[in-house]
Amino acid sequence: MKTKGHRKNKVNIVTLGCSKNLVDSEVLLTQLKGNNIDAIHESKNDDANIVVINTCGFIDNAKQESIDTILRYVDAKEEGLVEKVYVTGCLSQRYKADLEKEIPLVDAWFGTRDLSRLLKQLNANYKQELVGERILTNPSHFAYLKISEGCDRPCSFCAIPLMRGKHISRPMEELVLEAKNLAKGGTKELLLIAQDSTYYGLDLYKKRNLAELLKRLSDVEGIEWIRLHYAFPTGFPMDALDVMAERNNICKYLDIPLQHGSTEMLQFMRRGTTREKTEALLQTIREKVPGIAIRTTLIAGHPGETQMHFDEMMSFVERSRFDRLGVFTYSHEENTHSHSMADDVPAKIKQERVDQLMELQQGISLELNQAKVGDTYKVLVDRKEEGVFIGRTEFDSPEVDNEVILETKDYLRLGDFVNAQITGATEFDLTAKVI
Ligand code: SF4
């Protein structure tokens, strides 16, 4: 495919949304380079004549950000700065028919499982031999490892299954190969991601096989931290906790979105569990893995949520004392089960409920962080900012959790581990002196 200026084709990949989208963009980048096609991720200058925008279609704000990005590159095309604009990812998967009409200057639209077709469009062929290889776009000492695609859960508010399809586990051999290659490239921390990581293996191995996967990845030389994200409370594989407890290189950390703290709301949301069962699970997790940090996310303002339901959620958060908490306002997503209900909680109330929950959590986070003062932790050095080195403990995931501001006169290498004694704490950060 020859483009207008006959300048050498260069593809700029732009990623929006979650870490799973980032992995998809990295796979695309790896495949293009494997085909000797010049490609870059998030180019800072206008040297690429082809743009591929990997979009997010999750909730309102994310959708708007994706549309704004597409329009920005379509404008650049009209100004002759780029020659081809291609769109892929969740927004394209979900709204292709409408978007094609509304934004005709986009050259082609691709779905979330359209890699081969997108590569063809870019004059490349899918290379099976590159499976397990991945060029990273974030600092190479940590990497996301996507263990499955799609989701079989019926959560009433969620549009992800509409965009990502049914759950498909990746073969364990492929994941272990990818982990080995990443470790060879200097990766020390693996973040396991999926739509529902605890469902791993049910399709492929006819059993929940997360525990076995954790063992295999834990055996990979060079991997010092394995972090588990996106666990689901119902049908939780308890044997995974045993592996977490016995293996030193599996972080005492669990990200488990719970979405609500009221039994009736959990039923409206079709989460297949109750507040009582959730609290029992949290207790078991903390008993089986002492000192574990638990991250969760909640939704405020789902249809049918009354002040009483919300008060239940407030007391649930107060009792559960999560280490990390994210709260979202409910987003009325078409074609989800919840969309058939009236979106009856006013936006102002939704936001007030989010603010109240985050305020409650701020107090809890501060207490939990202050309790760490004086203790010594292994810290992974992530970056240097204004002359200060910043890292994380095993209880903190990149980009979403706490950070450790390191006090030291020495020069630290990014991606190294240091031991540091906590000297101070705020709600969301710690300060520590390297020892
Ligand atoms: S498990 Fe997560 S991705 Fe799957 S339907 Fe529920 S909220 Fe959506």
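These notes cover the structure that comes with them.

What counts, and at which threshold
- All chains use their own residue numbering, which begins from 1 and follows the written sequence.
- Totals for whole chains, interfaces and linings use every residue, but because this is a predicted model, local features are given only for residues with pLDDT of at least 70 and side-chain atom pairs only at 80 or more, for both listing and counting.
- Hydrogens and waters are ignored; side-chain quantities use all the structure's heavy atoms.
- Of the two site types, the cavity is a set of points on a 1 Å grid over the protein atoms alone where a 1.4 Å probe fits but cannot get out, and the pocket is an open set with protein on both sides within 12 Å along at least five of seven lines, each lined by residues with an atom within 4 Å of a point.
- Grid points are joined across faces, edges and corners, and a volume is the space filled by probe spheres set on the points.
- Think of it this way: any DSSP run of H or I at least four residues long counts as a helix, any run of E at least two long counts as a strand, and we number them from the N terminus.
- As a working rule, the residues Ala, Val, Leu, Ile, Met, Phe, Trp, Tyr, Cys and Pro are called nonpolar, Asp, Glu, Lys and Arg charged, and the rest polar, with Gly in that last group.
- Two strands pair under a simple rule: DSSP has to find at least two bridges between them.
- Under this scheme, a helix contributes an axis fitted over its contacting stretch, all axes are lines through C-alpha atoms, and angles between N-to-C directions fall in the 0 to 180 degree range.
- The contact definition used throughout considers only heavy atoms, calling two residues in contact when any of these lie within 4.5 Å.
- Here the term buried applies to any residue with accessible area under 20% of the maximum for its type, exposed to any over 50%, and partly exposed to those in between, with areas from a 1.4 Å probe on protein chains only.
- Looking down the strands as they point away from you, a crossover is right-handed if its path from the first strand over the helix to the second goes clockwise.
- We call Phe, Tyr and Trp rings a pair once their centres come within 6.5 Å, taking the six-membered ring for Trp, and we label the pair stacked below 30 degrees between planes, edge-to-face above 60, and tilted otherwise.
- Over a ring means this: the NZ of a Lys or the CZ of an Arg is within 6 Å of the ring centre and within 35 degrees of the ring normal.
- Angle categories are assigned with fixed cut-offs, so that under 35 degrees is roughly parallel, over 145 is roughly antiparallel, 65 to 115 is roughly perpendicular, and the rest are oblique.
- Handedness of a crossing is defined here by the sense of rotation of the near helix relative to the far one, left-handed for an anticlockwise turn of less than a right angle and right-handed for a clockwise turn.

### As for the layout of surface pockets
Thinking step 1. One number sums up the size of the second largest pocket: a volume of about 850 Å³.
Thinking step 2. Along the wall of the second largest pocket there are 35 residues; nearest its centre are Asp24, Val27, Leu115, Tyr126 and Lys146.
Thinking step 3. Only helix H1 (19-34), strand E4 (84-89), helix H4 (115-121), strand E7 (148-149), strand E8 (168-169) and helix H6 (172-184) provide two or more residues apiece to the lining of the second largest pocket.
Thinking step 4. When residues of the lining of the second largest pocket are assigned to their parent elements, the largest contribution, 8 residues, is made by H1.
Thinking step 5. Class assignment of the residues belonging to the lining of the second largest pocket gives a composition of 10 nonpolar, 14 polar and 11 charged.

### Structural notes on the sheet that holds strand E13 (residues 324-329)
Thinking step 1. In space, the 6 strands of this open sheet follow the order E6-E9-E10-E11-E12-E13, with parallel pairing throughout. Two strands close off the open sheet at either side, each with one partner strand: strand E6 (142-146) and E13. Pairwise comparison of adjacent strand axes, ignoring direction, gives a mean angle of 20 degrees for this sheet.
Thinking step 2. When strand E10 (residues 225-228) meets strand E11 (residues 250-255), the two strands line up parallel, connected through 2 bridges. Residue pairing for E11: Ile226 is matched across the bridge by Ile250.
Thinking step 3. The sheet contacts of helix H12 (residues 347-370) involve strand E12 (293-300) and E13, and relative to E13 the element is tilted by about 175 degrees.

### Some details on the pairing of E10
Thinking step 1. Here E10 shows no split at all, with Trp225 and Arg227 on one side and Ile226 and Leu228 on the other all buried.
Thinking step 2. With respect to chirality, the unit in which strand E9 (residues 189-193) leads through helix H7 (residues 210-218) into the neighbouring parallel E10 is right-handed.
Thinking step 3. In terms of handedness, the path from E10 via helix H8 (residues 238-246) over to E11 forms a crossover that is right-handed.

### A word on the packing of aromatic side chains
Thinking step 1. For the structure shown, the criterion picks out 7 aromatic pairs.
Thinking step 2. Centroid distance Trp225 to Phe417: 5.0 Å. Interplanar angle 70 degrees. Geometry classified as edge-to-face. Within this pair, whereas Trp225 is found in strand E10, its partner Phe417 is found in strand E17 (residues 417-425), the two being separated by 192 residues in sequence. An identical accessibility class is assigned to Trp225 and Phe417; each is buried.
Thinking step 3. Note that Arg392 overlies the ring of Phe142, its terminal NZ or CZ placed 5.5 Å from the centroid.

### A word on the pairing of E9
Thinking step 1. For E9, a buried count of 5 out of 5 residues is recorded, marking the element as mostly surrounded by other parts of the structure.
Thinking step 2. Residues Glu189, Leu191 and Ile193 of E9 are buried on one face, and the alternating residues Leu190 and Leu192, pointing to the opposite face, are buried as well.
Thinking step 3. Bridge count for E6 against E9 is 5 bridges, and the pairing is parallel. Looking at the pairing, Tyr144 lines up with Leu191 of E9.
Thinking step 4. Strand direction decides the pairing type here: E9 and E10, joined by 4 bridges, are parallel.

### Things to note about the packing of H7 against H8
Thinking step 1. In contact at an axis separation of 7 Å, H7 and H8 are set at 20 degrees when each is read in the N-to-C sense. In terms of orientation, H7 lies roughly parallel with respect to H8. As for the relative orientation of H7 and H8, their crossing is right-handed in sense. Between H7 and H8, the residues in contact are Leu210, Ala211, Leu214 and Lys215 and Asp239, Ala240, Val243 and Glu246, respectively.
Thinking step 2. Of the residues contributing to the contact of H7 with H8, the split by class is 5 nonpolar, no polar and 3 charged.

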